[in-house]
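Tertiary structure, described
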There are 2 protein chains.
Amino acid sequence: MIDNIEIIGLIAGILTTSAFVPQVYKTWKSKSAESLSLTMYLVFFVGIVLWLIYGISINSLAMIFANAVTGFLALLLIFFKLRFK
Amino acid sequence: MIDNIEIIGLIAGILTTSAFVPQVYKTWKSKSAESLSLTMYLVFFVGIVLWLIYGISINSLAMIFANAVTGFLALLLIFFKLRFK
């Protein structure tokens, strides 16, 4: 069931997820990841996987959606950082 | 009450929150925010505020803690981006 709280969560998820798109685009376009911290994205990725497990545990559609997509984008940035270094 | 699921959430929160610390440190030390996307951090910050509201609504200690601290760190990076540009 989708109630008002879940709608706030879905909007939150769209925002925090889409926040990574400009970074992915900027990094891809400039082929530069100089100021990106690899440590940040590695720790972040592991945290996102745990949030995904948490979201599944509490049956939060918003958290499952957001963390699945954000995890994928974080992996992309890790790939760019390693490739463009 | 803190159960096992909440502990997973707290670890997730510590990881996704502390993921921003190296970025804050690196940006502060290099006094350079060239590759950081301002758009990313602005959209991200609004999303984090909504996640905080979501966490309060569903009484999730892990989400309240994580999003309060992450929101503060995202604000710091926005400040650096504007100051060091």
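Cut-offs applied
- Residues numbered from 1 in each chain as written.
- Chains lettered and ligands numbered in written order.
- Predicted model: local features only at pLDDT ≥ 70, side-chain atom pairs only at ≥ 80, totals over all residues.
- Heavy atoms only, no water.
- Least-squares fit on C-alpha atoms with pLDDT ≥ 70 in both.
- pLDDT = per-residue confidence, 0-100.
- Patch = residues over 30% accessible without salt bridge, like charges linked within 9 Å, V, L, I, M, F, W, Y side chains within 5 Å.
- Areas by Shrake-Rupley, 256 points an atom, 1.4 Å probe, with all protein chains shown as cover.
- Salt bridge = Lys/Arg side-chain N within 4 Å of Asp/Glu carboxyl O.
- Helix = DSSP H or I, 4+ residues; strand = E, 2+ residues; numbered from the N terminus.
- Contact = heavy atoms within 4.5 Å.
- Buried area = accessible area lost by both parts, 1.4 Å probe.
- Polar contact = N/O pair within 3.5 Å; in protein donor to acceptor, adjacent residues only side chain to side chain.

1. Quick word on the relation of the copies chain B and chain A
Each copy of the sequence occupies a distinct position, and chain B is placed on chain A by a rotation of 180° and an axial shift of 0.0 Å, giving an RMSD of 0.0 Å. The transformation relating the two chain copies, once decomposed into turn and shift, fits a two-fold axis. Minimal C-alpha separation from the rotation axis in chain B is found for B:S35, amounting to 2.6 Å.

2. Here we look at the confidence of the model for chain A
Chain-level statistics for chain A give a pLDDT mean of 91 and a share of 96% at 70 or above. Scoring of the predicted complex yields 0.84 for pTM and 0.85 for ipTM.

3. Some thoughts on a nonpolar patch on the surface
Nonpolar side chains collect at one region of the surface, where A:I14, A:F65 and A:V69 lie side by side and expose about 230 Å² of accessible area between them. Along the chain, A:I14 turns up in helix α1 (residues 4-18).

4. Overview of the interface of chain B and chain A
On the chain A side, the residues contacting the 39 residues of chain B number 39 residues. Taking both sides of the interface into account, the surface hidden between chain B and chain A amounts to around 3,100 Å²; carbon and sulfur atoms contribute 76%. Connecting chain B to chain A are zero salt bridges. Taken together, the connections running from chain B to chain A amount to ten residue pairs in polar contact (both at pLDDT 80 or more). Every element with two or more residues in the side of chain B that touches chain A is listed here: α1 (4-18), α2 (20-30), α3 (38-57) and α4 (61-84) of chain B. When residues in the side of chain B that touches chain A are grouped by element, the largest group, 13 residues, is from α3(B).

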